[in-house]
Structure formats: C-alpha cells, structure tokens
Amino acid sequence: MAGRGDKRVSMEPLIYVLSCLVREKYYGPLDRLARVEDSDEFYVTMAMEAVYDALRYFGTLKDCARPEGLEEAVRAFAALVKRRPAVAKEVAFKALAKAVGGERQVVKGQASAAK
C-alpha cells in the first residue's frame, strides 16, 4: 500500500521523547545516536539500544505526555536506520534543537514576565 512505508511515518514522536530526556539532562541515548557512523551491525545495535534506553527512561517521566504514533515512529526508525544510518544523527540533532529551542522559549518567557 502506497504511503504506508517507513518513509511516510513521522519521526516527530521519537524526537519529542528524546527532547524530553534532554530537558531532564539525560543525554546518554542522544549521544549514542549522534555517534552512529554506518550500517555496520555494531552501529545499528547501538542505535536500537539507545532508543530502548530512551523509551525506558521516558516511561518514568511525569511531565512529558506520551506522544501519539510513538510505536510507529520507533518501528520506522528501526527499519530506516538499517538502510540509512545517518537518520540516527538527524533524529538526535533535531531532538537536541527542539529541547534547546524549548528551553530558550521558557527562559525568554520568564524574562518577559519579570519586566
């Protein structure tokens, strides 16, 4: 069926999960995803273990809601990282940018409220 492949599934739910971890100052999974170099079994395994650790830690967080489509995003990520390992770095960078951008907005909002 056209459009059902992992190319069409958004990575946004996974990026959200990782950005929540960054806001909690838990960088381990993100750092491992950023180190994925090629489709060698070692790197693919490292990427999947990083996602496992991220999901496990995310499950303990109270302030981050579970995003819709997370299971599909994880399945798509697993399939895609085997073919295109650079997706692991892309997801890591987007998650970091989302977390840092969110923190800046909060700080900016606090500064505005102080005036």
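Residues numbered from 1 in each chain as written. Predicted model: local features only at pLDDT ≥ 70, side-chain atom pairs only at ≥ 80, totals over all residues. Heavy atoms only, no water.

Student: Any details on the packing of aromatic side chains? Residues and values, ideally.
Tutor: Scanning all chains against the criterion turns up three aromatic pairs. The interplanar angle of 80 degrees and the centroid separation of 6.3 Å between the aromatic rings of Tyr16 and Phe58 together place this pair among those described as edge-to-face. Highlighted residues: Tyr16 in helix H1 (residues 12–23) and Phe58 in helix H3 (residues 41–58), separated in sequence by 42 residues. Note on Tyr26 and Tyr57: the rings are 4.2 Å apart at their centroids and 20 degrees apart in plane angle, and the pair reads as stacked. One end of the pair, Tyr26, is in the loop between H1 and helix H2 (28–34); the other, Tyr57, is in helix H3, with 31 residues separating them in the sequence. Residue classification places Tyr57 among the partly exposed residues on the basis of a relative accessible area of 27%. (Phe/Tyr/Trp six-rings, centres within 6.5 Å; stacked < 30°, edge-to-face > 60°. Helix = DSSP H or I, 4+ residues; strand = E, 2+ residues; numbered from the N terminus. Buried < 20%, exposed > 50% of the residue type's maximum accessible area, 1.4 Å probe, protein only.)

Student: Outline the side chain of Ser19, listing residues and values.
Tutor: With respect to the element layout, Ser19 can be found in helix H1. Since its relative accessible area comes to 0%, Ser19 is described here as buried. From its side chain, Ser19 meets the backbone oxygen of Tyr16 in a polar contact 2.8 Å long. Apart from the residues within four sequence positions on either side, Ser19 is in contact with Ala95, Lys98 and Ala99. (Polar contact = N/O pair within 3.5 Å; in protein donor to acceptor, adjacent residues only side chain to side chain. Contact = heavy atoms within 4.5 Å.)

Student: Would you mind going over the environment of Phe77 in detail, with residue names and values included?
Tutor: When you line up the elements, Phe77 lands in helix H4 (residues 70–83). Judged by its relative accessible area of 0%, Phe77 falls in the buried class. On a C-alpha basis, the gap between Phe77 and Val51 in space is 9.3 Å, while along the polypeptide they are 26 residues apart. In this view, Phe77 contacts Met11, Leu14, Leu33, Ala47, Met48, Val51, Val87, Ala88 and Val91; residues no more than four positions away in its chain are not counted.

Student: Quick one: what's the story with H4, residue by residue and with numbers?
Tutor: Spanning 14 residues, H4 covers 20 Å between terminal C-alpha atoms, matching the ideal 20 Å at 1.5 Å per step. Within H4, the full set of buried residues consists of Leu70, Ala73, Val74, Ala76, Phe77, Ala78, Leu80 and Val81. (Expected span 1.5 Å × (residues − 1).)

Student: Explain H1 to me, using residue names and the numbers behind them.
Tutor: Across its 12 residues, H1 extends 16 Å between first and last C-alpha, which sits within 8% of the 16 Å expected from 1.5 Å per residue. Judged by how many residues are buried, H1 sits mostly within the fold: nine of 12 residues are covered. Within H1, burial applies to Pro13, Leu14, Ile15, Val17, Leu18, Ser19, Cys20, Leu21 and Val22. One or two positions beyond H1, positive phi appears at Lys25, with a value near 65 degrees.

Student: Explain the packing of H1 against H4 to me, and be specific about the residues and the numbers.
Tutor: The N-to-C vectors of H1 and H4 enclose an angle of 100 degrees; their axes lie 7 Å apart at closest approach. The angle between H1 and H4 places the two elements in the roughly perpendicular class. Touching Pro13, Leu14 and Val17 of H1 are Leu70, Ala73, Val74 and Phe77, all from H4. (Axes fitted to C-alpha atoms, helices over the stretch in contact; angles between N-to-C directions. Parallel < 35°, antiparallel > 145°, perpendicular 65-115°, else oblique.)

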